[in-house]
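# Descriptive analysis of the structure
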Amino acid sequence: MTNDQLMREAIRLSRENIANGGGPFGAVIARDGEIIATGVNRVTAENDPTAHAEVSAIRRAAQVLGTFNLSGCEIFTSCEPCPMCLGAIYWAHIDKVYYANTKDDAKAIGFDDSFIYDELALPRDGRKLPAEAMMRNEAIKAFEEWAAKEDKTEY
Ligand SMILES: [Zn+2]
């Protein structure tokens, strides 16, 4: 499939998902022009705040390919990824992001993730979300065990 065809499928999914009780977002993960997996936004339909189209597609693609590393794959998403999905895309090692609607388009219809981008740019103490450090001296033991583990799978 061409890039246009792959994006057109992501857009088709985004529109179909509205009728299925989800948000207007769809994503396609492809490798060498072949669809590996698709995802749609199921946040309200499944009461899962992390069920964005891109995250859903990443979960499926990783299952299909049997790996947590999706390098060699590209993602076609009907809207520019939010910070959570962008982070997931980095973690998945996806090669490239193609997007159609922009985050400003999403903001215009009430899906405003720009505040998260703004928050991320602030120092920890300046954010709206309170975050308090605690019990590092106990938690660090897991990191020490991990660092010493010989047979771990790096990712
Ligand atoms: Zn997202």
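Residues numbered from 1 in each chain as written. Predicted model: local features only at pLDDT ≥ 70, side-chain atom pairs only at ≥ 80, totals over all residues.

### Let's talk about the overall build of the chain
Counting its secondary structure elements, the chain contains seven helices and four strands. For the chain, the succession of helices and strands along the chain, N to C, is α-β-β-α-α-β-α-β-α-α-α. Each principal axis of the C-alpha distribution contributes one length, and for the chain these read about 50 × 40 × 25 Å. By residue count, 29% of the 155 residues in the chain fall in the buried class. Long-range contacts, defined as pairs at least 24 residues apart, comprise 44% of the intrachain contacts of the chain with a sequence gap of at least 6. (Helix = DSSP H or I, 4+ residues; strand = E, 2+ residues; numbered from the N terminus. Buried ≥ 20, exposed ≤ 12 C-beta atoms within 10 Å, placed from the backbone. Contact = placed C-beta atoms within 7 Å.)

### What about the UniProt feature "domain: CMP/dCMP-type deaminase" (unreviewed entry) in the chain?
Residues given the UniProt feature "domain: CMP/dCMP-type deaminase" (unreviewed entry) here are residues 1-112. Across residues 1-112, the secondary structure splits into 45% helix and 22% strand, with the terminal C-alpha atoms separated by 32 Å. (UniProt positions renumbered as here; feature names shortened; annotations may be inferred.)

### A word on unusual backbone geometry
It is generally the case that most residues other than glycine have a negative phi and that most peptide bonds are trans. One non-glycine residue, Asp32, adopts positive backbone phi at about 50°. Its place among the elements puts Asp32 in the loop between strand S1 (26-31) and strand S2 (34-40). Phi is positive for His93, close to 60°, though the residue is something other than glycine. The topology assignment puts His93 in the loop between helix H4 (83-92) and strand S4 (96-101). According to the C-beta neighbour criterion, His93 is partly exposed, with 14 such atoms within 10 Å.

### Focus on the environment of Arg42
One can find Arg42 in the loop between S2 and helix H2 (43-46). Accessibility expressed as a C-beta count within 10 Å gives 21 for Arg42, which makes it buried. Beyond its immediate stretch of four places on either side in the chain, Arg42 contacts Gly22, Asp48, Ala51 and Ser56.

### Notes on the environment of Ala121
Inspection of the secondary structure puts Ala121 in helix H6 (residues 114-121). The exposure class of Ala121 is exposed, given the 9 C-beta atoms found within 10 Å. Residues Ala121 and Leu65 lie 56 residues apart in sequence; the distance between their C-alpha atoms is 34 Å.

### Topic: the sheet that holds S4
Ordered by their spatial adjacency, four strands build an open sheet running S2-S1-S3-S4, and the pairing between neighbours is mixed. Each edge of the open sheet is held by one strand with a lone partner, namely S2 and S4. Averaged over all pairs of adjacent strands, the angle between their axes in this sheet comes to 20°, without regard to strand direction. One ladder, built from four bridges, connects S1 with strand S3 (residues 74-79); its direction is antiparallel. Note on S3: the bridge partner recorded for Ile29 is Ile75. The strands that helix H1 (residues 3-19) touches are S1, S2, S3 and S4; relative to S1, the one it contacts most, it runs at about 150°. (Pairing = 2+ DSSP bridges. Axes fitted to C-alpha atoms, helices over the stretch in contact; angles between N-to-C directions.)

### Things to note about the nonpolar core
For soluble globular proteins, the rule of thumb is that nonpolar side chains tend to be buried together. The biggest cluster of nonpolar side chains holds 29 residues, and the ones touching the most others in it are Ala27, Val28, Ile29, Ala57, Ile58, Ala61 and Phe76. If one sorts the elements of this core by residue count, helix H3 (residues 53-65) sits on top with five residues. In this structure Ile58 touches Ile29, Leu70, Ala88 and Ala92, once residues within four positions along its chain are discounted. (Core = buried A, V, L, I, M, F, W, Y, C linked by C-beta atoms within 7 Å.)

### A short note on the pairing of S4
Strand direction decides the pairing type here: S3 and S4, joined by five bridges, are parallel. Considered in S4, the bridge of Cys79 is made with Asn101. Each parallel crossover has a hand, and the one from S3 via H4 to S4 is right-handed. (Right-handed = clockwise from strand over helix to strand, strands pointing away.)

### Observations regarding the pairing of S2
Judged by how many residues are buried, S2 sits mostly within the fold: five of seven residues are covered. Here S1 hands over to S2 after two residues, with Asp32 in that stretch at a positive phi of 50°.

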